[in-house]
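Structure assessment
Now for the letters of each chain:
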Amino acid sequence: MSEQVLIRPLGRPGDLGWVVLAHGETYAAEFGWDSSFEALVARIVADYAVDHDPAREAAWIAEVDGKRVGCVFCVAADDETAQLRILLVDPAARGRSLGGRLVDECLAFARRVGYPRIRLWTNHPLVAARRIYLSRGFRLVREEPHHSFGADLTGQVYERELAAAGN
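Let me sum up the structure you'll find in this document. Residue numbers restart at each chain and count upward from 1, following the sequence in its written direction. With the structure being a predicted model, the display of local features is reserved for residues of pLDDT at least 70 and the display and counting of side-chain atom pairs for 80 or more, all residues being used for whole-chain, interface and lining totals. Hydrogens and water are ignored here; the side-chain numbers use all heavy atoms of the structure.

1. Details of the packing of helix α1 (residues 15–31) against helix α2 (residues 35–51)
Helix axes are fitted only over the stretch in contact, all axes being lines through C-alpha atoms; the angle between N-to-C directions runs from 0 to 180 degrees. Helix and strand labels come from DSSP, where a helix needs a run of H or I of at least four residues and a strand needs a run of E of at least two; each type is numbered from the N terminus. The N-to-C vectors of α1 and α2 enclose an angle of 160°; their axes lie 9 Å apart at closest approach. The angle between the axes of α1 and α2 places the two elements in the roughly antiparallel class. In terms of crossing hand, the pair formed by α1 and α2 is right-handed. Residues Leu16, Val19, Val20, Leu21, His23, Gly24 and Tyr27 of α1 form the contact with α2, whose participating residues are Phe37, Glu38, Val41, Ala42, Val45 and Ala49. Angles are sorted into four bins: roughly parallel if under 35 degrees, roughly antiparallel if over 145, roughly perpendicular if 65 to 115, and oblique for all others. Crossing handedness is defined as follows: a turn of the near helix away from the far one that is anticlockwise and smaller than a right angle gives a left-handed crossing, while the clockwise case is right-handed. Contact criterion: two residues are considered in contact whenever any of their non-hydrogen atoms come within 4.5 Å of each other.

What follows is the structure, given as structure tokens:
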């Protein structure tokens, strides 16, 4: 029996809480990050829930057989720049190209609503995500060491220009 895979807009009851829960549990298990990371995700999610502009900001949930397994948010960094935030694919759902599909959804939306560029901030241990970003034309523009979430990390900022459809 084949799996039912769906990328849908965020907005069902439980979506917001799932995003926070999944990030907290996954990053603690995979990288040993403490609850300050979950708190950061909770702030991002709360800000989006309370005050996002639906004409310029959106978020998506990936599902496999009706179960939430991934997410990504696209928010305004400024008038000219979209920001890809809190991409996650549950470890049990990896290997289905869901991370790439979520990033593609974000890029298509940012392009469609007229952002000239998109940016994201990540950290060096997130190797699989970095591969997705690089394969979609993002380039590393800045790195900076920091101590966050109970770990020594290197924060990385990636950007890419958004041209008309097809790029």
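2. Quick notes on the side chain of Asp15
Mapped onto the secondary structure, Asp15 falls in helix α1. Partly exposed describes any residue whose relative accessible area lies between the buried limit of under 20% and the exposed limit of over 50%, with all areas from a 1.4 Å probe on protein chains only and scaled to the type maximum. By relative accessible area, Asp15 is classed as buried at 0%. The definition of a polar contact used here is a pair of N or O atoms within 3.5 Å, where within protein one atom must be able to donate a hydrogen and the other to accept one, and adjacent residues in sequence count solely through side-chain atom pairs. Separated by 2.8 Å, the side chains of Asp15 and Arg8 make a polar contact. Of note is the side chain of Asp15, whose polar atom sits 2.8 Å from the backbone nitrogen of Arg12. What Asp15 contacts, discounting residues up to four positions off in sequence, is Arg8, Pro9, Leu10, Ile61 and Arg68.

3. Quick word on unusual backbone geometry
With a phi close to 50°, Asp65 is a non-glycine residue in the positive phi region. Its location among the elements puts Asp65 in the loop between β2 (58–64) and β3 (67–76).

4. Considering α2
Taking 1.5 Å of rise per residue, 17 residues should cover 24 Å, and α2 covers 24 Å from first to last C-alpha, within 8% of that figure. Of the positions making up α2, those classed as buried are Phe37, Val41, Ile44, Val45 and Tyr48. Looking straight down α2, one finds its buried side chains confined to an arc of 90°; they lie on one side. Of the exposed residues in α2, the ones pointing more than 90 degrees away from its buried face are Ser35, Asp47, Val50 and Asp51. Buried-residue contacts for α2 involve α1, β2, β3 and β4 (81–89). Given a helix with a known number of residues, its expected span is that number minus one, times 1.5 Å. To obtain the arc, one takes the directions from the helix axis to the C-beta atoms.

5. Regarding the nonpolar core
Among buried residues, the Ala, Val, Leu, Ile, Met, Phe, Trp, Tyr and Cys ones that are joined through side-chain atoms within 4.5 Å form a nonpolar core. Counting 52 residues, the largest nonpolar core has Val19, Trp60, Leu84 and Ile118 as its most contacted members. In terms of residue count, the dominant contributor to this core is helix α3 (residues 98–112) (seven residues). When sequence neighbours within four positions are dropped, the list of residues in contact with Val19 reads Leu10, Val41, Val45, Ile61, Cys71, Phe73 and Ile86.

6. Considering the pairing of β2
Taken across its seven residues, β2 has seven buried, putting it largely inside the fold. Of the two faces of β2, both are covered, the one formed by Ala58, Trp60, Ala62 and Val64 as well as the one formed by Ala59, Ile61 and Glu63. One ladder, built from five bridges, connects strand β1 (residues 5–9) with β2; its direction is antiparallel. Among the inter-strand pairings, Ile7 is bridged to a residue of β2, identified as Ala62. In this antiparallel pair of consecutive strands, β2 and β3, the connection spans two residues, and Asp65 shows a positive phi of 50°. In this scheme, strands are said to pair when DSSP sees at least two bridges between them.

7. A word on the pattern of salt bridges
Salt bridges are defined by distance alone: a side-chain nitrogen of Lys or Arg within 4 Å of a carboxyl oxygen of Asp or Glu. Considering all chains together, one arrives at eight salt bridges under this definition. The salt bridge partner of Arg96 is Glu3, with a shortest N-O separation of 2.5 Å. Of this pair, Arg96 sits in the loop between β4 and α3 while Glu3 sits in the segment before β1, and the two are 93 residues apart along the sequence. Take Glu3: its relative accessible area is 37%, and that puts it in the partly exposed class. Of the charged contacts in the structure, one is a salt bridge between Asp104 and Arg136, with a shortest N-O distance of 2.7 Å.

8. Thoughts on the pairing of β4
Within β4, eight of the nine residues are buried, which leaves it mostly tucked inside the rest of the structure. Counting the residues that bridge the hairpin from β3 to β4 gives four residues. Bridging between β4 and strand β5 (residues 117–123) involves four bridges; their strand directions are parallel. When the sheet's bridge partners are listed, Gln83 is paired in β5 with Arg119. Where the polypeptide runs from β4 across α3 and back to β5, its parallel neighbour, the crossover connection is right-handed. Crossovers are described as right-handed under a simple rule: with the strands pointing away from the observer, the path leading from the first strand over the helix to the second runs clockwise.

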